[in-house]
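# Observations on the model geometry
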Amino acid sequence: MSAELDGLGLAPAAPTSARAGSPSPTRPPGVIGGPQRIARVLLDSPLPQLDRLFDYRVPENLRERAVPGVRVTVPLRAAGRQAAGYIVEIAEAQSFEGVLSELGDVVSDARVLDPAVYRLIRRAADRASGTASDLARLVIPSRQVRVEKAWLAAQATAAQEAAAQAAAAQPTAAPAEPAGRALTGYAPEALARLLDPDAPEPDRRIALTAIAHPVEVAGRWMPAAARTLAELAAACVASGRSAIISVPDYRDVEHVAHALAALLPPEDIARVDAGQSSADRYRGFLRTLEVRPLAILGTRAAPAAPAHALGLIALWDDGDALMAEQHAPGVHARDLALLRQSDAGCALVLAAHARSTEAQRLVEVGYVRAVAPAGRHRRRITPTAQQVGADGPAAQARIPSTAWRAVRDALDTGPVLVQVSRPGYAPRLACTECGETARCRSCRGPLALRRSGTAPSCQWCGALAVDWACSTCESTRWRTVGRGSARTADELGRAFPGARIVVSDGDTPVQSVASGRTVVVATRGAEPVAEGGYRAVLLLDGERMLARESLRVVEDCVRWWCTAAALAAPDAPVLLVGVGGSVAQALALGEPERVAAAELADRRTLRFPPAVRVAAIAGEPAAVARASAEVAALEGVDVLGPVELGDDRVRAIVRFDYARGDEVARLLKAALVRAATSRAPRIPGSPPRRRTVPLRVRFDDQEPFDDPGGAPPGARTSATSGRMEG
């Protein structure tokens, strides 16, 4: 592998052998006749000490069915029970000196663990000090027996028909030639060699800036990016290769699925997103195992889906927080895509309205090349602070007079979108006497009003504060601070009588809006698509959004604003309130990548991700201290912390260059195994101990650098927006 990949932290790990003891080619006692068959099995277990391949002897009655990729059950001697797993490979020489146990049973004949998928999850797990079985659990859905039997029967029928055609000398249909159609809105020469397998790899890895206005596809309005991704996948399938499209949430899945249905027949499309029923998801997964080109659509785990002759992996909005896997080992969809692309040699597309700092780094090191729309497809956002003729004190209002006039004029021709930072009526309450934030008596969380005239409720635990009193001055009177989506809608309804007011947020998501005199008030990420595009877009609370304590706050805000602006009609005005400086200038020029470049330059100076990689180590103080000391001994590695997390746990942050990733991952994996196996056994008769994990490791995690509104550790803040995973 090239040094370029080594510098990106994508170099392939050393092959993982079947380590169950010292290698020995001898045949175990009791096996007679013919060469022995050894099944090397990946156990379905989250325990780090079991994250290796185990050798099992294949009995005679299972020799035909025990093939790589199938689900099996195997005995565990130490635990005296049966465990589930997958056969990774079949060998003739065992790697364990003693007598091997026999394979228990083959659960199913479906070969659900594809060899390419196993290579991917093994590399991804090693890179993140995780276990391959955790990733396999995310990629391979739970088994649905009825669906699987129907699929196996259909596969057997198809195999018989293919054999009959071959015997009758009837050739099957040859793969179609590459479609060669130009991508709508982009210069043909920019993407001419993207899907050409013979082209140099740098020509087949791109960071694509999406077209910033909605389009109509087969009677449905959607962001232009959905059509672009569908066109790429259709062209790849037409060339005889499969394409994988990974998007953040259910809205994006529905848009891309509709665009794909307009370009490809249903049998050429497979969905593998979590928004489906268990049966439909498993049915879609089984279809990805077929030896035929498919357009595979899913959410963050989609880059690891099986695919025949993979030709393209396309990610939409890799900077979205939903693209980061929350379950162990927490591998980001972008990292899965990069690893899969380096293994398969396929095309890679990172598409977004506003480039993430991670994508910007890949552009600057030359690993991917930037491609922008042709002509006037770029969107310029006008900061109200830079408008000429802003009139006095009115220019400092939450909605300046120039913005009022733009909304009023636009309503005469169609709908208007108003983006706000928080849902509810009042996002914060404060004591009228001392000004302290009103807090819940149960968990000390901040109180807020969801609707006008209702009782305040806690934003953390949801408890109602019907008898609230200030803990500082004992006053029982509170006042509202800030305006949420509901209060903004009330004010706009009074300001524009006769206009229809629609609120779209995490509690009341709206998918689409018809044309007409309509004002849509939406939180970030919950903006519906308007028929024909919005005639004006007003982005409020910019200063409040930027005030959030987070390493990614600037790039997140730019991404939210650009995504909302892309829902406007091509010539509609987009106004940003409360933001100035270099960020406003970059948006006014229609060049949000300038913000990503500036952010990346600052993080290089400060040694923050993605200029470097990080690993968060959390757990018992002694375990964290030992693991931190081991990695800190490496050259170029430094440790921040530890800091207390509460509940007798601490967290330290390890920073290291990409070239040190393999060494750091190996040391931390060893620390995880040591912590998991070194706990003293419980004394018989003593009370049961609380089940705690002595050590946790998460690579490339942004949470240690964030403070989302003062939420407690581990609290989810998805309610502040409308983004929902599909």
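Shown above is the structure to which this text applies.
Residues numbered from 1 in each chain as written. Predicted model: local features only at pLDDT ≥ 70, side-chain atom pairs only at ≥ 80, totals over all residues. Heavy atoms only, no water.

With that settled, consider the overall build of the protein. Regarding its fold elements, the protein presents 17 helices and 32 strands. When each of the 726 residues of the protein is scored for burial, the buried share is 52%. Carbon and sulfur atoms provide 52% of the accessible area of the protein, an area that totals close to 31400 Å². (Helix = DSSP H or I, 4+ residues; strand = E, 2+ residues; numbered from the N terminus. Buried < 20%, exposed > 50% of the residue type's maximum accessible area, 1.4 Å probe, protein only. Areas by Shrake-Rupley, 256 points an atom, 1.4 Å probe, with all protein chains shown as cover.)

Omega for the peptide link from proline 609 to proline 610 comes to 5°, which places this bond in the cis form. Among the structural elements, proline 610 can be located in the loop between α15 (593-606) and β28 (613-619). The linkage connecting glycine 641 with the following residue, proline 642, adopts the cis geometry, with an omega of 15°. Mapped onto the elements of the fold, proline 642 is located in strand β29 (residues 638-646). Although it is not a glycine, alanine 218 sits at a positive phi angle of roughly 50°. Structurally, the position occupied by alanine 218 is in the loop between β7 (214-217) and β8 (220-223). Residue classification places alanine 218 among the exposed positions, given a relative accessible area of 60%. For aspartate 541, which is not glycine, the phi dihedral falls at a positive 60°.

All right, on to the sheet that holds strand β15 (residues 382-383) then. With parallel pairing, 6 strands are arranged side by side in an open sheet as β15-β27-β25-β16-β23-β21. The open sheet terminates on both sides in strands that have one partner only, identified here as β15 and β21 (500-504). (Pairing = 2+ DSSP bridges.)

Now for empty space enclosed by the protein. Throughout the structure, instances matching the rule amount to 8 cavities of 30 Å³ or more. A volume near 120 Å³ is recorded for the largest cavity. Considering the residues around the largest cavity, the lining is formed by 13 residues, among which Thr209, Ala212, His353, Arg379 and Pro592 are closest to the centre. Here the lining of the largest cavity is built from residues that sort into 7 nonpolar, 4 polar and 2 charged. For the second largest cavity, the calculated volume is near 70 Å³. In terms of lining, the second largest cavity is formed by Leu138, Val139, Pro141, Val272, Arg281, Phe285, Ala301, Ala302, Ala305 and Pro306. Residue assignment for the lining of the second largest cavity shows that the elements contributing at least two residues are α3 (132-139) and α7 (278-288). Of the residues assigned to the lining of the second largest cavity, the class counts are 9 nonpolar, no polar and 1 charged. (1 Å grid on protein atoms, 1.4 Å probe; cavity = no way out; pocket = protein on both sides within 12 Å on 5 of 7 lines; lining within 4 Å. Points joined across faces, edges and corners; volume = space filled by probe spheres on them. Nonpolar A, V, L, I, M, F, W, Y, C, P; charged D, E, K, R; others polar.)

The next subject is the side chain of serine 133. Mapped onto the fold, serine 133 is located in helix α3. A relative accessible area of 3% places serine 133 in the buried class. Setting aside residues up to four positions removed in sequence, serine 133 forms contacts with Leu42, Leu43, Asp44, Ser45, Pro46 and Asp51. (Contact = heavy atoms within 4.5 Å.)

Every buried residue of helix α10 (residues 401-411) is accounted for by Ser401, Thr402, Ala403, Val407, Ala410 and Leu411. Buried residues belonging to α10 abut β16 (416-420), β23 (518-523), β25 (536-539) and β27 (574-576).

Looking now at the pattern of salt bridges. All told, the structure shown has 44 salt bridges when counted by the stated rule. As a salt-bridge pair, arginine 559 and aspartate 320 come within 3.7 Å of each other at their nearest N and O atoms. Placement of the pair is arginine 559 in helix α13 (residues 553-565) and aspartate 320 in the loop between β12 (310-316) and α8 (333-344), with a sequence separation of 239 residues. Residue class for arginine 559 comes out buried when judged on its relative accessible area of 8%. What emerges from the salt-bridge pattern is a single network uniting Asp318, Arg334, Glu358, Arg552, Glu555, Glu599 and Arg603. (Salt bridge = Lys/Arg side-chain N within 4 Å of Asp/Glu carboxyl O.)

Moving on, we get to the nonpolar core. Across soluble globular proteins, you tend to see nonpolar side chains buried next to one another. Of all hydrophobic cores here, the largest spans 54 residues; its most connected members are Val112, Leu113, Ile121, Phe285 and Leu286. Tallying contributions element by element places helix α2 (residues 115-127) first for this core, with 6 residues. Once residues within four sequence positions are removed from consideration, leucine 113 is found in contact with Gly69, Tyr86, Val88, Tyr118, Ile121 and Ile140. (Core = buried A, V, L, I, M, F, W, Y, C linked by side-chain atoms within 4.5 Å.)

To continue, consider the pairing of strand β1 (residues 38-43). Counting buried residues in β1 gives 6 out of 6 residues, a clear majority hidden from the surface. What you see with β1 is no split at all: Ile38, Arg40 and Leu42 on one side and Ala39, Val41 and Leu43 on the other are buried throughout. Bridge count between β1 and strand β4 (residues 81-91): 6 bridges; the pairing is antiparallel. Bridged to leucine 43 within β4 is glycine 85. As paired strands, β1 and strand β2 (residues 53-57) are joined by 5 bridges and run antiparallel to one another. Opposite valine 41, over in β2, you have phenylalanine 54 as the bridge partner.

To continue, consider helix α17 (residues 661-677). Taking 1.5 Å per residue, 17 residues should reach 24 Å; α17 reaches 24 Å between its end C-alpha atoms and fits that length. If you check which residues of α17 are buried, you get Gly661, Val664, Ala665, Leu668, Lys669, Ala671, Leu672 and Ala675. For α17, the angular spread of buried residues about the axis comes to 160°, placing them on one side. Along its buried surface, α17 packs onto α2, β28, α16 (621-632), β30 (649-656) and β31 (695-699). (Expected span 1.5 Å × (residues − 1). Arc of directions from axis to C-beta.)

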